[in-house]
Structure formats: structure tokens, C-alpha cells
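# Structural overview for review
Okay, here's what each chain looks like letter by letter:
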Amino acid sequence: MDDVFKALADASRRSLLDRLHARNGQTLNELCEGLAMTRQAVTKHLAILETANLVTTFRHGREKLHYLNPVPIHQIGERWIKKFERGKLTALSELKRQLEKRDE
Amino acid sequence: MSKPEFVYVTYIETTPEKLWHALTDGDFTERYWFGHRIASDWKVGSPYRFTHPSRPSPMGKVLISDAPKKLAYTWEACAEELKLERTSRVTFDIEPRGKVVKLTVTHDNLDERGKTLRGISEGWPMVLASLKSFLETGRALPAEIKSDAA
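Please read all numbers here as calculations on a predicted model, not as lab measurements.

## Describing unusual backbone geometry
Of all residues except glycine, most have a negative phi; of all peptide bonds, most are trans. Residues and elements named next belong to chain B. Here Ala67 and Pro68 are connected by a cis peptide whose omega angle stands at -10 degrees. Phi at Phe34 is positive, roughly 55 degrees, even though this residue is not glycine. Mapped onto the fold, Phe34 is located in the loop between helix 2 (26-32) and strand 2 (37-40). Located in the positive-phi region is Trp42, a residue other than glycine, with phi close to 60 degrees. According to the C-beta neighbour criterion, Trp42 is partly exposed, with 17 such atoms within 10 Å.

## Describing helix 2 (residues 11-22) of chain A
Because an α-helix packs 3.6 residues into every turn, residues spaced three or four apart end up facing the same way. For helix 2 of chain A, with twelve residues, the first-to-last C-alpha span of 16 Å sits near the 16 Å given by 1.5 Å per residue. Contacts from the buried residues of helix 2 of chain A go to helix 1 (2-8), helix 3 (28-32), helix 4 (39-51), strand 1 (55-60) and strand 2 (63-68) of chain A.

## Description of the pairing of strand 7 (residues 100-108) of chain B
Residues and elements named next belong to chain B. Relative to strand 7, strand 1 (residues 6-12) runs antiparallel, the two sharing seven bridges. Across the sheet, Ile12 pairs through a bridge with Val101, a residue of strand 7. The turn joining strand 6 (residues 88-97) and strand 7, which pair antiparallel and follow one another in sequence, is formed by two residues; a positive phi near 65 degrees is taken by Gly98.

## Describing the confidence of the model for chain A
Overall, the prediction assigns chain A a mean pLDDT of 88, with 94% of residues at 70 or greater. Predicted confidence in chain A is weakest over helix 6 (residues 86-100) of chain A, with a mean pLDDT of 76, and strongest over helix 4 of chain A, with 96.

## Topic: the sheet that holds strand 3 (residues 47-51) of chain B
Residues and elements named next belong to chain B. Spatially, the seven strands line up as an open sheet ordered 1-7-6-5-4-3-2, and their pairing is antiparallel. On the outer flanks of this sheet lie strand 1 and strand 2, each paired with one strand and no other. Each strand axis lies, on average, 25 degrees off the axis of its neighbour in the sheet, ignoring direction. In terms of strand pairing, strand 2 meets strand 3 through four bridges, oriented antiparallel.

## Brief notes about the nonpolar core
Core analysis: the biggest nonpolar cluster contains 42 residues, and Leu49, Val55 and Tyr67 of chain A together with Tyr8, Leu19, Leu128 and Leu131 of chain B have the highest contact counts within it. Ranked by residues supplied to this core, first place goes to helix 3 (residues 115-137) of chain B with eight residues. Excluding its chain neighbours within four sequence positions, the residues that come into contact with Leu19 of chain B are Ile12, Thr14, Pro68, Ile94, Val101, Leu103 and Leu135 of chain B.

## Some thoughts on the pairing of strand 5 (residues 70-75) of chain B
When a strand is regular, its side chains alternate between the sheet's two faces. Residue and element names in this part refer to chain B. Looking at chain direction, strand 4 (residues 59-66) and strand 5 are connected through four bridges and run antiparallel. Across the sheet, residue Asp66 finds its bridge partner in strand 5, namely Lys70. Where strand 4 folds back onto strand 5 in an antiparallel hairpin, the turn is made up of three residues. Here strand 5 runs beside strand 6; their pairing, made up of six bridges, is antiparallel. For Trp75, the partnering residue across the bridge sits in strand 6 and is Ser88.

## Notes on the interface of chain B and chain A
Listed as interface residues are 19 residues of chain B and, on the opposing side, 18 residues of chain A. Among the elements of the structure, strand 1 and helix 3 of chain B are those that each provide at least two residues to the side of chain B that touches chain A. Top element by residues in the side of chain B that touches chain A is strand 1 of chain B. It accounts for six residues. Here the side of chain B that touches chain A is built from residues that sort into 16 nonpolar, one polar and two charged.

Procedures and definitions
Residues numbered from 1 in each chain as written. Chains lettered and ligands numbered in written order. Predicted model: local features only at pLDDT ≥ 70, side-chain atom pairs only at ≥ 80, totals over all residues. Helix = DSSP H or I, 4+ residues; strand = E, 2+ residues; numbered from the N terminus. Buried ≥ 20, exposed ≤ 12 C-beta atoms within 10 Å, placed from the backbone. Expected span 1.5 Å × (residues − 1). Contact = placed C-beta atoms within 7 Å. Pairing = 2+ DSSP bridges. pLDDT = per-residue confidence, 0-100. Axes fitted to C-alpha atoms, helices over the stretch in contact; angles between N-to-C directions. Core = buried A, V, L, I, M, F, W, Y, C linked by C-beta atoms within 7 Å. Nonpolar A, V, L, I, M, F, W, Y, C, P; charged D, E, K, R; others polar.

This is how it looks when you write it as C-alpha cells:
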């Protein structure tokens, strides 16, 4: 679990997870596109995310695809969130999301 | 093979045989898969189906059954409104890694705009976290809100 927290304690790595959340199964090239990070930096961050099991890779032909693996995050949530809290927390998250929503 | 839509991995302190059993035995799935019982003879080409006392459950056909290493089945939409979507496929790869077992769940051939895709992105992490807890501690996770819990 330490690996998961360490991996998440970095904005660049969180943004890589965001990108995979928006579109799962990307190659390294796709993930690098439009990012203000060198390819080497992205590779390094992906390795840390993989060690923490937050990203899994899958060989598809000649391509190596990266997938968001939310299972460890779910386990962290389950550790501290009680059954009866779930509904209230979902409602609170939704409220925050609605209130903070900006016109795009 | 199409590019999979989801690849989930979890490491579980168990044996491949126990994990296989947990995936294929209704008495076990009922306990960690939030009440859904699975049943099949697990021969390639045979049907399998989940049953639940009050919810629609998925069903399909066994594609690969190589105990205790690899299991694959088709995933046919359970709820009425999903019936029109393409039949997708779920593959479980079980690999021993020292004291733990690596379980990879791959879900592919999903309808990109379908509701199954969205349901699955929430469903699998929940089921896998519960499966891990069940095999390691004997207790599943209370991941679904039951009517008596509110």
C-alpha cells in the first residue's frame, strides 16, 4: 500500500492516470502527446505507477498498451469507508462537482 | 483480437487452485460477488450463468477452461436495456508469483458507447477487491449498499 501512496503523491503521475481514465489502453507515444514532459520522464513515471499496480500493461501485437488499474485505489477506499457512509459520500462528491462545475 | 477495453490486475495471497475455485464455484461467488451465484460444468462450449435473488445477472458461454491457469467466457448483458449490445468477453489469467497469485482480468469486445462499458468500469474493481479480501481474510467487502444499511 506504501507504493500506491507514493505513486499518487505526484501531480505528473496523477495526470497520467487522468489521461488513462479519459481513454484507457494507450501507447507510450499517445500518452506523451501534448504533455510538457520528456519521453524519459513519462517512462519513469509509468514504471512507478506499474510497480504500484495502478497501471497495467498489455501487449497487443507490437504495441504495449497502458491501462488504468483502479483495484488498489478501491481497496484503499474500502479500508476506511463504511458501508453506510458510501451513499452520503457519493452525494457529497456529486454536490462538490456540481457546485464547482465551470462553463467550458 | 480487438484491443481490450479494460485490464485489471490484483495480487492475492492464495494458491491458483483456490483462486480457480473461487471464480467457478457458486458457493464462493455468492459470498464475494455480492450475492451472485455462478454455475456451469466449465467445459468449453458449455453455458454458464449467474443467478441472484433480486437482480439481473450476466450469463454466457465458456470459451477457455484451463484450470487453474486460464478461464474465459462470453459476457451477455443481463439487464433488459443492455440486450442490444454486443456480447463481450472476459478472460481471467492466473499466474503464481512466489507467495502470491497474480490475477489479470481482461474485458474486451465491449460496445464503446454502451452502458455495459460504464457499468464494468465500476463493477470489476469492486468485485476484485472483494475477492482479494475474501481469499485473504475469509471476509468479503461490504461493497454494495443493501436496503437494510441505509
